[in-house]
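# Structural characterization, general
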Amino acid sequence: MSTEQKRIAICPGSFDPITLGHLNIIRRSAQIFDEVIVCVMLNATKTSPMFSIDERVNMVRRAIAKYPNVRVETSSILLAEYARQYENAVIVKGLRAASDFEYEFQMNLINKNINPDLETMFLTASEKYTFLSSSVVREMATYGADLTGLVPNELIEEIEEKAKHWRKS
Ligand code: ADP
């Protein structure tokens, strides 16, 4: 590997919506890697997302605006296949609890089968975000709870607005 080659981190997820927990992992990755790609996955197994893919991408874009080496992409194919286009990429994921570990361990084995060169690295969740997930945010928003400290401030209004309609549907 030449020394000029950029090290790229891919942070994948559904980001439905992006939370401060996600952003914490993205920000820390941006300090370690030359470039970070936040990959919003069109996950076939997660049915009825709260936000459309365009809305999710848009929210990620606003949340990462202050990080010059972070950008957002989307993928509807398997992560291990998607990552092939980047020669030097590493998957970076956040680990919150033992349950995350079991799932991620399995996913890593599957990814390795498809793309043996692809490595996955894990960053442990920051203590204050250990219990934060997109589903917690969706649930809280649906009940009209205050989202301060859970999602980026600039996204609160959009999430609250969406939750109002979500409640009715
Ligand atoms: P969620 O599990 O919240 O629905 P995603 O499927 O979008 O989120 O998760 C994408 C990645 O972000 C996963 O690696 C997940 O472990 C990580 N992640 C999600 N929430 C947090 C958090 N609060 N702290 C650290 N990592 C997180």
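Summary of the structure given here. Every value quoted in this text rests on a predicted model; they were computed, and no experiment measured them.

Taken together, 18 residues are adjacent to the ligand, and S14, G94, Y129, L132 and S134 come closest. One nitrogen or oxygen atom from the side chain of H22 is found 3.1 Å from an oxygen atom belonging to the ligand. Protein contact buries 89% of the 530 Å² of open area that the ligand shows by itself. When contributions to the shell around the ligand are tallied by element, the ones reaching two or more residues are strand 1 (8–13), helix 1 (20–32), strand 4 (89–95) and helix 4 (98–114). Top contributing element to the shell around the ligand by residue count: helix 1, with three residues.

Moving on, we come to the pairing of strand 2 (residues 35–41). If a strand is regular, its side chains alternate between the two faces of the sheet. A large share of strand 2 lies buried, amounting to seven of its seven residues. Neither face of strand 2 is exposed, since E35, I37, C39 and M41 on one face and V36, V38 and V40 on the opposite face are all buried. As paired elements, strand 1 and strand 2 share six bridges and run parallel to each other. In the sheet register, P12 faces strand 2, and the bridge partner there is C39. On the question of chirality, the crossover connecting strand 1 to the parallel strand 2 by way of helix 1 is right-handed.

How each quantity is defined
- Residues numbered from 1 in each chain as written.
- Predicted model: local features only at pLDDT ≥ 70, side-chain atom pairs only at ≥ 80, totals over all residues.
- Heavy atoms only, no water.
- Near = heavy atom within 4 Å.
- Polar contact = N/O pair within 3.5 Å; in protein donor to acceptor, adjacent residues only side chain to side chain.
- Areas by Shrake-Rupley, 256 points an atom, 1.4 Å probe, with all protein chains shown as cover.
- Helix = DSSP H or I, 4+ residues; strand = E, 2+ residues; numbered from the N terminus.
- Buried < 20%, exposed > 50% of the residue type's maximum accessible area, 1.4 Å probe, protein only.
- Pairing = 2+ DSSP bridges.
- Right-handed = clockwise from strand over helix to strand, strands pointing away.

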